[in-house]
Amino acid sequence: MKHISKFNQYGLTHIKHTCHLFYIDKYTINEYGSIDVDGDVDLSDKELDEIPLNFNKVSGFFACGGNKLTDLKGSPKSVGGIFDCSENELKSLKYGPISVGGDLYCDDNDLLELTYLPNSLGGDIYSNNNSLRNFIGIPEYFNNFLYIENN
């Protein structure tokens, strides 16, 4: 653990406990309390109303679906694999990742538009069963598939 001078001991204890609780083993705590994870993070179906840590980078997939999230605060800035925030209470993808190496799943929320999509997306977008009213936020030259049934 390097660069933790700006973060207090209580914060370190909380991060370590939370990582242990969610089976996150290979992580680095950054200077201001965000964490980088070498591997996958699965926070699915945990009855969460917020993401319990402040993630920076996750090399594998990041799943936080099936919870009660109303926003994506704490989401990683970069995800190497898929990003799944399906089956929550999201109205926006604000605070979501900037870069996703795989697919983006945001099905079964209450999204009105797809603003705040990642700047870099390596896969498809799955946004079925939302309340989309327009195509604002979808890049003009999107080379992958966009699934938007039942909107």
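Rules and cut-offs
Residues numbered from 1 in each chain as written. Predicted model: local features only at pLDDT ≥ 70, side-chain atom pairs only at ≥ 80, totals over all residues. Heavy atoms only, no water. Helix = DSSP H or I, 4+ residues; strand = E, 2+ residues; numbered from the N terminus. Rg over C-alpha atoms; globule rule 2.2 N^0.38 Å. Buried < 20%, exposed > 50% of the residue type's maximum accessible area, 1.4 Å probe, protein only. Contact = heavy atoms within 4.5 Å. Areas by Shrake-Rupley, 256 points an atom, 1.4 Å probe, with all protein chains shown as cover. Lys, Arg positive; Asp, Glu negative; His and termini not counted. Charge placed at Lys NZ, Arg CZ, Asp CG, Glu CD. 1 Å grid on protein atoms, 1.4 Å probe; cavity = no way out; pocket = protein on both sides within 12 Å on 5 of 7 lines; lining within 4 Å. Points joined across faces, edges and corners; volume = space filled by probe spheres on them. Nonpolar A, V, L, I, M, F, W, Y, C, P; charged D, E, K, R; others polar. Salt bridge = Lys/Arg side-chain N within 4 Å of Asp/Glu carboxyl O. pLDDT = per-residue confidence, 0-100.

Visitor: How should the overall build of the protein chain be read in this particular structure?
Guide: What the protein chain contains, in helices and strands, is one helix and 12 strands. In the protein chain, the succession of helices and strands from N to C terminus is α-β-β-β-β-β-β-β-β-β-β-β-β. Taking 151 residues into account, the globule formula puts the C-alpha radius of gyration at 15 Å, and the protein chain, at 16 Å, falls close to it. Overall size of the protein chain, expressed as C-alpha extent along the three principal axes, is 45 × 30 × 20 Å. Expressed as a percentage of the 151 residues in the protein chain, the buried residues total 42%. Residue pairs in contact within the protein chain that sit at least 24 positions apart in sequence constitute 11% of those at least 6 positions apart. Accessible surface for the protein chain amounts to roughly 8,500 Å². Of this, 48% is attributable to carbon and sulfur atoms. Where the 12 positive side-chain charges of the protein chain centre and where its 22 negative ones centre are 11 Å apart.

Visitor: I tried to follow empty space enclosed by the protein on my own but got confused; where do I start?
Guide: Think of a ball as big as a water molecule: rolled over the atoms, this probe shows where empty space is left. Going through the model one piece at a time under the given rule, you end up with one cavity of 30 Å³ or more. Taken as a whole, the largest cavity holds about 30 Å³ of empty space. Taken together, Leu72, Phe83, Leu93, Gly96, Pro97, Leu104, Tyr116 and Pro118 make up the lining of the largest cavity. For the lining of the largest cavity, a count of residues per class yields seven nonpolar, one polar and no charged.

Visitor: How do you make sense of the pattern of salt bridges when you look at a structure like this?
Guide: Opposite charge on two side chains makes pairing possible when the charged atoms of those side chains draw close. According to the stated counting rule, one finds two salt bridges in the structure shown. With a closest N to O distance of 3.0 Å, glutamate 47 and lysine 68 form a salt bridge. Of this pair, glutamate 47 sits in the loop between strand 3 (41-42) and strand 4 (55-58) while lysine 68 sits in the loop between strand 5 (62-63) and strand 6 (78-79), placing them 21 residues apart in sequence. A relative accessible area of 56% places glutamate 47 in the exposed class.

Visitor: Looking at this structure, I do not really get the confidence of the model for the protein chain. What am I missing?
Guide: Detail in the predicted coordinates should be disregarded across regions flagged by low pLDDT. Taken residue by residue, the protein chain gives an average pLDDT of 92. The fraction at 70 or more is 94%. Per-residue pLDDT stays below 50 along residues 1-5; that stretch engages in 10 contacts with residues further than four places along the chain or on separate chains.

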